[in-house]
Amino acid sequence: KEISSSPTEKDNFESRLLRAKANERILLAELNNREQTIEKESIIQELKAKLAEAKSESRLVKAKSNEKIILSKQLLIEKEKNIIKLQNKAQEVNIFNEISRQNTTENV
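For the structure given in this document, a descriptive report is provided here.

Definitions and cut-offs
- Every chain's residues receive numbers from 1 upward, in the order its sequence appears when written.
- Only residues with pLDDT of 70 or above have their local features reported here, since the model is predicted, and side-chain atom pairs are shown and tallied only from 80 upward, although totals for entire chains, interfaces and linings are computed over all residues.
- To obtain the side-chain values, all non-hydrogen atoms of the structure were included, while hydrogens and water were left out.
- When a carboxyl oxygen of Asp or Glu is within 4 Å of a side-chain nitrogen of Lys or Arg, the pair counts as a salt bridge.
- Working definition: helices are DSSP H or I runs of at least four residues, strands are E runs of at least two. Numbering for both runs from the N terminus.
- A 1.4 Å probe rolled over the protein chains alone gives each residue an accessible area, and that area as a share of the maximum for its type sets the label: buried under 20%, exposed over 50%, partly exposed in between.

Pairing is possible between side chains that carry opposite charge, provided their charged atoms lie close to one another. Using the criterion set out here, one finds 5 salt bridges in the structure. E78 is the salt-bridge partner of K81, the closest N and O atoms lying 3.7 Å from each other. Of the two residues, K81 and E78 are both situated in helix α1 (residues 7-107); the distance of 3 residues between them amounts to about one turn of the helix. The exposure class assigned to E78 is partly exposed, which follows from its relative accessible area of 41%. One salt bridge connects K89 with E92, and the closest N-O pair in it is separated by 4.0 Å. Placement of the pair is K89 and E92 together in helix α1, with a separation of 3 residues, close to one helical turn.

The next point concerns the environment of E24. Among the structural elements, E24 can be located in helix α1. Put simply, E24 and K79 are 55 residues apart on the chain and 81 Å apart in space, counted from C-alpha to C-alpha.

Within the fold, S58 resides in helix α1. Judged by relative accessible area, which is 41%, S58 ranks as partly exposed. For the pair S58 and K73, spaced 15 residues apart in sequence, the C-alpha separation works out to 22 Å.

Here it is, written out as structure tokens:
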């Protein structure tokens with residue numbers, strides 16, 4: 001025995017089927033969006049970590065550069081101190097020589 005369906009039942013069934021398929025597409029699109037959002041968030045977190053690492057490395061390089069500059073300045077200061085000491089010593093020698101010359105001249 002065959003079950004017959006009225007045209008209204010068929011229309012109702014097709015309408016429900018179309019709505020169900022439309023809902024399925026909407027949910028699939030929403031799922032896709034959420035997955036993409038999760039992927040983007042993951043990428044953003046990864047990029048933030050890389051940025052923090054780069055900033056840290058940049059600070060380290062800057063600190064090392066500053067350390068080298070300070071050491072260079074300290075070395076320059078030490079050299080300048082040594083030059084001043086040598087100039088003072090040379091001045092003492094010149095004064096001693098001048099006194100010796102004068103003493104020699106007076107004794108002659």
